[in-house]
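Close look at the chain arrangement
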Amino acid sequence: MTISKELVGATFRPLVLSLLSDGDSYGYDIIQRMKQESEGKLVWKDGSLYPVLHRMEDEGTIASYWVTTDAGRRRKYYRITDDGVRQLDQEKMQWIHMDSIFTRLWDLPPRMTPAGA
Amino acid sequence: MTPPFDLDLALRNWRTSIGQSTTFLTTDLDELEDHLLQEFEVIRSAGIPEAMAFRQAASRIGQRHELEKSFREVRFGKSKRMASLAREARHRVGLAGHQARIALRRMRRRPLIAGVNLTGIFLAALTTLTVGTALVHQLGFDQFHPAADDLYRIHALDEGESRVILSAAVGQSLEERVPEVMRMTRVFKHWESPLITVDGNGRIEDGFYFAEPDFLGMFGFPLTAGNPATALDAPGKVIITQAAASRYFDDVDPVGQRITYNGTSELIVSGVFAPIPKNSHLQPDFVASLSSLPLISYSGILDEWSVFHTYVQLVPGASPPILTDSVLGLGDDDDRRLTFFPVTDIHLRSTSPDELEVGGSMRFIWLMGSIMLMVVLIASVNYVNLATAQAIRRARETAIRKVAGAARGEIAIQQFMDTLVLIVMATLLSLGTLFLFRAPIEEAFGIALTSLIDVRAIVTITLLAGLALSLVAGLYPAWVVSRYQPAGILKGVAVSGTSGRRIRNGLVFGQFALSAVLIILSITVAGQMQFIADSDLGFEDEHVVVIPIQGEAARSAYPALRAAWASLPAVTHLGASASAVPGEPHSANHVIRPAGSDDLADVSVQRNWVDAGYFEALGLSLAAGEWFRAEPGDTSDEVILNETAARLMGWADPTMAVGQPIELNPGYENRTVTVRGVTEDYNFASLHTPVAPLIHTTTGYPTKLVLKTAPGTTAADLEVLHAGWDRIAAQPLAISWLEDDLGQQYEQEATATNRFTWASVIALLVSALGLFGLASFMAETRTREIGIRKALGATRAGIIWMISLDVTRIIGTAILLSSPIAWVLANRWLDAFTYRTSIGWEAFVLTGLILLATGWMTIIGHAARAASIDPARCLRAD
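First things first, this report covers the structure right here in the doc.

Calculation rules
Residues numbered from 1 in each chain as written. Chains lettered and ligands numbered in written order. Predicted model: local features only at pLDDT ≥ 70, side-chain atom pairs only at ≥ 80, totals over all residues. Heavy atoms only, no water. Buried < 20%, exposed > 50% of the residue type's maximum accessible area, 1.4 Å probe, protein only. Helix = DSSP H or I, 4+ residues; strand = E, 2+ residues; numbered from the N terminus. Pairing = 2+ DSSP bridges. Phe/Tyr/Trp six-rings, centres within 6.5 Å; stacked < 30°, edge-to-face > 60°. Axes fitted to C-alpha atoms, helices over the stretch in contact; angles between N-to-C directions. Parallel < 35°, antiparallel > 145°, perpendicular 65-115°, else oblique. Left-handed = near helix turned anticlockwise from the far one by under 90°. Contact = heavy atoms within 4.5 Å.

1. Brief notes about the pairing of strand β3 (residues 74–80) of chain A
Residues and elements named next belong to chain A. Summarising burial for β3: five of the seven residues are buried, a large majority. Pairing analysis gives two bridges linking strand β1 (residues 25–26) to β3, with the strands arranged antiparallel. Along β3, the bridge assignment pairs Ser-25 with Tyr-78. With seven bridges joining them, strand β2 (residues 62–68) and β3 adopt antiparallel strand pairing. When the bridges of β3 are listed, Thr-68 appears paired with Arg-74. Hairpin connection of β2 to β3: five residues between the antiparallel strands, including Gly-72 at a positive phi of 90 degrees.

2. Here's the deal with the packing of aromatic side chains
Residue and element names in this part refer to chain A. One pass over the structure, following the stated rule, counts 27 aromatic pairs over all chains. With a centroid separation of 5.8 Å and 15 degrees between ring planes, the pair formed by Tyr-65 and Tyr-77 is classed as stacked. Here Tyr-65, found in strand β2, pairs with Tyr-77, found in strand β3; they are 12 residues apart in sequence, far enough to count as distant. Taking relative accessible area as the criterion, Tyr-65 reaches 30% and is therefore assigned partly exposed. Residue classification places Tyr-77 among the buried positions, given a relative accessible area of 19%. Judged by centre distance (4.4 Å) and plane angle (15 degrees), the rings of Phe-102 and Trp-106 are stacked.

3. A few points about the packing of helix α1 (residues 7–19) of chain B against helix α3 (residues 50–61) of chain B
Packed helix pairs are specified by the crossing angle of their axes together with the interaxial distance, meaning the distance between the axes. Residue and element names in this part refer to chain B. At a minimum axis separation of 12 Å, α1 and α3 run at an interaxial angle of 25 degrees. One finds that α1 runs roughly parallel with respect to α3. In this structure, α1 crosses over α3, and the sense of that crossing is right-handed. Residues Leu-7, Ala-10, Leu-11 and Trp-14 of α1 pack against Phe-54, Ala-58 and Ile-61 of α3.

4. Topic: the environment of Gly855(B)
Residue and element names in this part refer to chain B. With respect to the helices and strands, Gly-855 occurs in helix α31 (residues 841–867). Gly-855 gets classed as buried once you look at its relative accessible area, which sits at 0%. Separated by 343 residues in sequence, Gly-855 and Phe-512 place their C-alpha atoms 9.3 Å apart. Apart from residues no more than four positions distant in its own chain, Gly-855 is found in contact with Leu-771, Val-807 and Ile-811.

Right, here's the structure in full:
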C-alpha cells in the first residue's frame, strides 16, 4: 500500500514539525526518520523534499543554519521556530479531530486522544 | 578495463549536470550533494560496489527534471518570484555570453562557411539599412507638422480630374462658410522662378512662395528671427531661410533688409526660417505675404486667376465635409466637388502636375521595399541553407549534448545564438560601411542619405532589421537542429540527408529564381533607357542652349541682344519662348475650334508662345504652310498647330489646315486667328505621354532664349555671349544644354536602372555565396559516394560533370519558372511609358547565361577538388 501524493503533501509539514520538535536535524536525517516512521509507505524522491523544507523556512515555521562537519563538509541544519511550535499544535488538533471523525464513521476503536484531554 | 571509481569526479559531474538548470542555487546544490553523499555511504556500507552505490544514490535523490519541477514549484511562488526572476535574468545573460563565445568559436573553426555567411548577411543588412532609411524618410513626409492629422489641401474634382490650383475665392469661402475649417492659407508659387536681386547681386530663385499669415502656425515652421504674428501680415514682407540669407547678406542681420523681386518690386525681410525639414512637401526659400502679390504681379490675380494651392486646418477631430461650389456660394455648378486631401499624403500619393515641389511616389516605395525584401530573403535563405547543412555535420555534437541532459530548448537557443552573433557582426559591419562609403552607396541606390542621417532612425532601423533577420534566418535552423534524435545518430545511423537536401535544393532554386527576376528587370530598365536615348523626339536637342531671361530691362533690350548674338559664329539659330521649351510643362487647358462652329467642335490644346526663330533653333520640321515671319516683335493673329491638333480639328491633311480661321479660347480670349503652318509632331512633353495637341502663338515677350549652336561648340566658346548679356541683364548668364535638361526628365528611370543593377548584383552575389558554401558542403558529404564511383571507374571529368549537372538543373528550372513572372513585372513597368521598348528573348537568354555562368564558376573549384579524391583513402576513412 502506498499513500497518495496529495496526502503525502498534506502530511509532510506536520511530520517535519513533529520531528524537529524533538531536536534540530538536517535534510538526510529528517528524510530517513520519516521513512522509518512511515514504515516505507510514504514514497517520494528524496531530493524533492528539500523545496518543501525551503518553503517552510520562508513561511517561518522552521529556520536553518549551516554547520561544518568533522569531515569538513558543509551541512544545513533545520530547527523549529516558535511559529512552528504553534503551527504544530494546530496541526495536531486538526489531525486528531479528523481521526475522531473517521473513527466514529468507520466504527473503529478510538486510538487518538485530544491534546490535554 | 574500467577505471577505478573516483568519488570526487562523480560528485563533480553530478553537480554539473544538475547545475545546468537555472532553478538551483549554490546552497541548494550544497545541500543536495551532502544528501547524496550520505545516501551513497549508507548504500556502500551495505556492500554494494562504489560505482553502483553512487548510481543508486543519485537515482534515489531524483533526476534533474524531477528535482527541477519540485524546486521550481516552491521557488517561483509569491514573494520569491521577483528576486528569482532577477536571478534568472542575470543567469540568462551569463548564459547568453557563454553561448555567444561558443558561437564565435564555431565560426573560427570553419572560417570559410563563416565568411560566406557573414558576407551574405552583411549585404542584406547593408541593403536594409540603406533602403530602410530612405523608406522611413519617404513615409514620414509632413508628419512633423504639429497638427499634421488635421491639415488638408483642397482638391477640386471636376469630371474625374483632380485639380490642386484653385481660385482665391475657394479659400475665402471655406474660411467664411465651413465651420470645420479652423484656419486657412493660400499658397502661390510662380511657374516662372523670379529673379531676386540685392545690391545688384542677382539670382533666379526656385523656391519663392507667397502665403498668408496662418502658413507659419499651420505648418509649424519656426522662425529664428522676426515675429511670426506679424511676419506675413502686410504687403511687402518676406521671410527667408538661413540658406537664402547667407546667399545675399553674409554676416548682416537680414531682418529689415530689402530684396528686389524681378527688378521691379521691393520686399522687406521680416523673418528668418529655422531650417525647413527635408521631409516637408513645401520647400520654400522665401515666403512673401500673399497680399504683396497684386502689387508685384498682375493686380487682379487674387480675383481672377486659379493659381492657388489652398490649405486648411480643420478643428481637431473634425472629419472633412463634402463640399460643392453651391455650398461654398461659388456658383450653382454642383458637378465640381471639393475634396480634402491629407497633407501627409501629398508627397507620395498626389499625382497632380501642379505640385509646388517634385514629389515621391508609392511606386518608389513598393519598388525599393520589394528590392529590400528580395535581398533579405535571398540572404536569409542562404544562411538557413548553410546552417542546416552544417548542422548535419554537427549532428553528433548535438546528440551528445542531448544525451548529457541538454533540453531541446537549450540546443535551439544555442543555434539561435549562432545566428544572432552573426547578425550583430554583420550589422555593425554594415553600419561602419555605411558611414565610410556613404557617397558610392547613395549613388548606387539613388538615395540621398546624407540629409537623412538621424541617429534615432538608424537605431530603430538597425534594431528592426536585426530582429527581422534573426527571426527569418534563425528560427528554422534552430528548429531543425534541436529536433535531432540522439539515439540514432550515436548508433551511427546517418541523419536522413535526402529530405534535407531536397529542401536545400528548393531554397537554392528560390534564390536563383529571385535573382533571375531582378536581372531580367534590370535588363528591361536599361533597355528602355537606351530606347529613350535612341528615340527620335521630333526636334534636335543636341547643341541647343537654353538661357532664361527675366526683368523688364532685359526684355526690352532683347532685340538688340538678338542682333548682336545672331552675328556670332557659334550661334546658328536664335529663337525665344515666352513660356516653355521642350521638356517643360506647357500651358494647358486652352480651347480652339474652327471659326463659326459651336462648342461641340472644341479641341483642348496646350499652348506655347514663341517667336519666329524658335522652330529653326529646335530643328522642327514643317508639315505644311510656313513658320512665323522673322520680323521682331511680330504679334500677328497667326498660329502654328502641330499635326495632332490639326487632325483633331478635322484636317486630316495638314495642308487643309493652312489658312483656316480658328477661334482661340472662345469665352475669354475670344480671338479669331489664322493657321499659318503646321509642324510635324514633336515630343514636347516626355516619352511617358503621347504627343498632345499643341498650338503656337506669337510673342514679343521672351522668358527663355533658345540658341542652336554650331556643332562642336563648348561652354568655353559661349563665353562670348557675356559681352552682350552683362550690359542688359541683372541676373548672371545661366546657360543650360537642352540635352541635359531633357535627361533629367528620365532621372527617375536612370536611378531605377542603377537600383535594379545594384540589387541584381547583390542578389546574385549572395546567391552565389550560398551556392558556394553549399557546394563545399556537398562535396564534403558526398566524398564516400564519389570514392565509390571512382573506384568503379568514373573519370574526373565525369564526376565534375555529375556535380555541375545538379546545379545546372536547379538553375535551369529557376530561370524557366521565374521568366513568366519577370515578363509580367517588366511589362507592367514599361506600361508607364507611351513610347516603350519590348522585352526580347535576348533578355531571358542573357539572364540564363549570367546565372549559369555564376553557378558553374561557383562550384567548379569544389567539384574539381571532390573529383580528385583518392578513392582508396576516402573509403578507408569510414
